Amino acid sequence: MTMNDDEDELLRSVALKNASSILIARQRAEQRSEFYLTEGQRLAHMGSWALNAAGFFDYWSPELFRIHGLDPALGAPDLKEYLGRVHTQDRQVMTETIEKMRCDGSGCDVKHRIVRPDGEPRYVRWVGVPLSDAAASTGVVGIAMDVTEQEHLAQELRRREAFLAEAQRLSHTGSFGWSPSTGDIVWSEETFRIFQYDHTTKPTIERVLQRVHPADAALVKQTVERASQDGKDFEHEYRLVMPDGSVKHVHVVAHSAVDGAGSLEFVGAVMDVTAAKRAEDRIRHNERELRTTLDTIPTSVVSTLPDGSVDFVSQRWLDYVGCSREEILGWGWMKTTHPDDLDPVLNGWQAARAAGESLEIEARFRQADGPYRWFMNRVVPLRDDNGTIVKWYAAIHDIEDRKRAEARLRESEEQWRDVFENNPTMYFIVDSGGTVVAVNPYGAEQLGYEMAELVGQEVLGILQEPDRESVRDNVARCLKQLGLPRSWEARKVRKDGTVIWVRETAKAVPRANGPLVLIACENITEQKRAEEALRQAQADLAHVSRVTTLGEMAASIAHEVDQPLSGVVINANACLRFLTGPSPNLDEVRDGLHAIARDGRRASEVIARIRALARRAQTDKEPLDINDVIGEVVALAEGEARRARARVRTELAATLPRVLGDRVQMQQVVLNLLLNGLDAMHDVVDRPRELVIRTEREAADRVRVAVRDSGSGIDPQRAPRMFDAFYTTKPGGMGMGLSISRSIVEQHGGRLWAVPNEGPGTTFQFTV
Amino acid sequence: VTHPSDTRPIVFIVDDDPSVREALGRLVRSADLRAEAFASAEEFLGLARTDAPSCLLLDVRLPDLSGLDVQRRMVDANNDMPIVFITGHGDIPTTVRAMKAGAVEFLTKPLVDGDVLESIRQAIARDRAVREHQAETAHLRTRRASLTAREGEIMAWVVSGLLNKQIAGELGISEETVKVHRGHVMRKMGAGSLADLVRMSERLGMHRKHA
């Protein structure tokens, strides 16, 4: 069993002092009463004993009995009995110690354990001093102290010291004591470790300064010097440079005290805060980085306490709202919120906090210079290990542009939808395969279908059979030339089987999944009907006009028929006369019969022309040789020309493209112009009455017909009205000729106009 | 084709319509007459006159000249060939004017062959008569031209109904001289009687003298 040296020393001296005082007491036994001794021993928890050379206890003090828990009435135990009470682990040592004292006359000082009869163990210290008379050992006297309490304290102290050392080591905190007057410094084990000195080294101020970072040395020195002078508590932090070059941060705290001798003394702690410093640096660095990040990203950051009050706002947000941090913190942010958005935001915020759930909410906040902008606020909770919310973080993102774009998009979408849904135009969206992708309500309604019935159908399926091919072609062309609009007319079949005429305008547009064809479709059934009625009316009018013209020409037409008929009759009679005479002239008869056949044909041709012109024919366009048309008209009007004593001449271009037209109507136009020309020359006596009809190529597929007279010309004042219906300068005229001619020409996609000749007369011309 | 030896009457046809022109030609030939057809008036007017009895079948309406114009031009040229006008229905003003100007006949279309030939016959007969009359007049003129100035003077007094003695008194010559001249006149003029001579003087357009 080892003991702390200092304490050992102390205890030993105390024991000796006690022992000597016991001895003195015994020596003065006669003068001191037994009572005092006993009482003193009891108070000191100290018994005394005497062992004679024979190996028997001469004496046990009452206290000794009490220590051992033995009855004094039974007298001092014998040696064997005593050793039986010693703890088995200490019994051998005790046996040897007593034997040695008895035989050698030596003293002893031994601590051992005994066990009381009731089983309680006690620590007991024996200190014996040999008694000798004339060098002969006569026995040993000694004391026995119950040191159980002390032993427990010592053990506790040892344990605490171990704890302290361990704590210092673990917390990197060493302790020191410093007496400025003597220069003595005491370091704990950990302090040595911190300064990296062997613990055999004597700590001095110089040794400390030797380790201090050169940059901090002056400050440390100054602090130490001031402390040694003013004796005040100090606390400072500095860096150490270790022999291997590494740097340590230490934090030193010292309290001043005055020792028993009245001199100044510092007791303090040295904390190795390198790790903390590094962590702090790292945190500071991270914080700086974070702050830079926060100020850089286009998002503002706000954090709030669990109660919802704002405790942090990034600079960016402050710059935006143009407020100081103090104005915004807590609930000050509310005054920058748009009044209309405040309630939703507060309600949402409260609900999120109540549920402990993150929140996304859009709201407008006022910019420093006035206008509000839209922001998206994303708020998320931060929870500790127990799941308790310790903070809320909000990211505030400017979505004004997005909002505006959305609004514009919505507006345009609404406009488009409005047009699509409410416009009285049928809209179809068709994919490249010809399948209806969408149709507007009006379109479905016009066709008598539900929208759902049309979607997915073939778009050609709702067209009348004969129109499908051309529409298919048109759609294919649209798809070939994206973005180029095409227009066509076609007939659509309604669900109930009725047919409507439509004009469709279509355009193919590229889409992610392939091009789509947008078709705007207008119901032109009424228009078609009106056009048809107008066309019919015009055709009727043209017919009436034609018949009227023929009526006006009746005399000359009759003449045209009379001529060949006269020829026939006269020839026939001449032939008869040649046959019935005394010598029939057969040559004359043959020639006569030929002439009869020819004149008969001629008469029937005239009648055929008249009949053709008088016919109420449906407009039927066919490719025409305009020269043929003119030839027929000139033949028909030969009589008129003769009656007007005018010459009709033609200058027809040899090769003309065929033009698409209605033969009868074209003849009517030429006839009208021809008769007009003849009329215009009615009063001419001083020059030949000549009418020239000329044709020439106008374009690749167009022809120009000019009818030139040598008449009196057109009165410039009357020229503007010349093509009006019912306008006439002729006494018997109806005033329909030019008007009808013009409408016929225009129906044929041409133009009819008049120009004065360089010489006398006028030239009417038209293209077709 | 006209042969110089052929003395048959000639029918001139002017019509711009080939059917009618040709048919009329054939009809004329079937009546054993000669036909000369023209498509325009100018062609016809430019033609030399013929000695044979003839007539003109003229269409009133021609491209170049009207029938009345042609008639006027012929009168101007002392061409008294009879004209048969061919006209359409109801051209009454033209008809009246033409008839006044001496047209023989008006035929309206459609033409009836009988009418045509009858008109032609009449026209030719008339032409023949005119020609005979003209030939007779020409003969008288020749005889009249053979008279001396005194004989001519005496003839004028004779046809005026004056007696020889009265004539002698007027001229201041003897009655016997008048008788001699009168005998020459009667013989030179080929007159059988005073009435003959008077008729001759009328044909010659001589004015009667009044004492």
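Treat the numbers as computed from the prediction; the structure is a model and nothing was measured.

## Remarks on the overall build of chain A
Check the secondary structure of chain A and you find 24 helices and 27 strands. Across the 768 residues of chain A, 40% fall into the buried class. Considering only contacts in chain A between residues 6 or more positions apart, those separated by 24 or more positions represent 51%. Total accessible area on chain A is roughly 41900 Å²; 53% of this is exposed by carbon and sulfur atoms.

## A few points about the pairing of strand β11 (residues 299-304) of chain A
All names here are of chain A. Where burial is concerned, most of β11 is hidden: 6 out of the 6 residues are buried. Of the two faces of β11, the one holding Thr299, Val301 and Ser303 and the one holding Ser300, Val302 and Thr304 are both buried throughout. Where β11 and strand β15 (residues 389-398) come together, 6 bridges link them in antiparallel fashion. Residue pairing for β15: Thr304 is matched across the bridge by Trp392. Bridge count between β11 and strand β12 (residues 310-313): 3 bridges; the pairing is antiparallel. Within β12, the residue paired with Thr304 across the bridge is Val310. From the end of β11 to the start of β12, which pair antiparallel, there are 5 residues, and Gly308 there has a positive phi angle of about 100°.

## What to know about helix α20 (residues 586-614) of chain A
When the terminal C-alpha atoms of α20(A) are compared, their 42 Å separation across 29 residues agrees well with the 42 Å that a helix rising 1.5 Å per residue should span. Within the sequence span of α20(A), burial applies to A:Glu588, A:Val589, A:Gly592, A:Ala595, A:Ile596, A:Asp599, A:Arg602, A:Ala603, A:Val606, A:Ile610 and A:Leu613. Next to the buried residues of α20(A) lie α18 (525-552), α19 (554-580), α21 (626-636) and α23 (663-680) of chain A together with α1 (18-30) of chain B. Two or three places before A:Asp587, at the opening of α20(A), A:Asn585 has a side-chain oxygen 3.2 Å from that residue's backbone nitrogen.

## A few points about the environment of A:His397
Residues and elements named next belong to chain A. When you line up the elements, His397 lands in strand β15. When the C-alpha atoms of His397 and Asn377 are compared, they prove to be 6.5 Å apart, with 20 residues separating the residues in sequence. Excluding its chain neighbours within four sequence positions, the residues that come into contact with His397 are Pro298, Thr299, Trp374, Phe375 and Met376. One polar contact links His397 to Thr299, side chain to side chain, over a distance of 3.2 Å.

## Some points on the interface of chain B and chain A
Taken residue by residue, the interface counts 28 residues in chain B and 24 residues in chain A. Considering only the side of chain B, the residues that lose the most area to chain A are B:Ser19, B:Arg26 and B:Arg61, jointly responsible for 27% of the buried surface there. For the interface between chain B and chain A, the tally reads 5 salt bridges. Note that B:Asp16 is salt-bridged to A:Arg642, the shortest N-O span being 2.6 Å. Scanning the region where chain B abuts chain A turns up 9 residue pairs in polar contact (both at pLDDT 80 or more). Those elements that place two or more of their residues in the side of chain B that touches chain A are α1 and α5 (113-146) of chain B. The dominant element in the side of chain B that touches chain A, judged by the number of residues it contributes, is α1(B), at 10 residues. Residue composition of the side of chain B that touches chain A, by class: 12 nonpolar, 4 polar and 12 charged.

What counts, and where the lines are drawn
Residues numbered from 1 in each chain as written. Chains lettered and ligands numbered in written order. Predicted model: local features only at pLDDT ≥ 70, side-chain atom pairs only at ≥ 80, totals over all residues. Heavy atoms only, no water. Helix = DSSP H or I, 4+ residues; strand = E, 2+ residues; numbered from the N terminus. Buried < 20%, exposed > 50% of the residue type's maximum accessible area, 1.4 Å probe, protein only. Contact = heavy atoms within 4.5 Å. Areas by Shrake-Rupley, 256 points an atom, 1.4 Å probe, with all protein chains shown as cover. Pairing = 2+ DSSP bridges. Expected span 1.5 Å × (residues − 1). Polar contact = N/O pair within 3.5 Å; in protein donor to acceptor, adjacent residues only side chain to side chain. Buried area = accessible area lost by both parts, 1.4 Å probe. Salt bridge = Lys/Arg side-chain N within 4 Å of Asp/Glu carboxyl O. Nonpolar A, V, L, I, M, F, W, Y, C, P; charged D, E, K, R; others polar.

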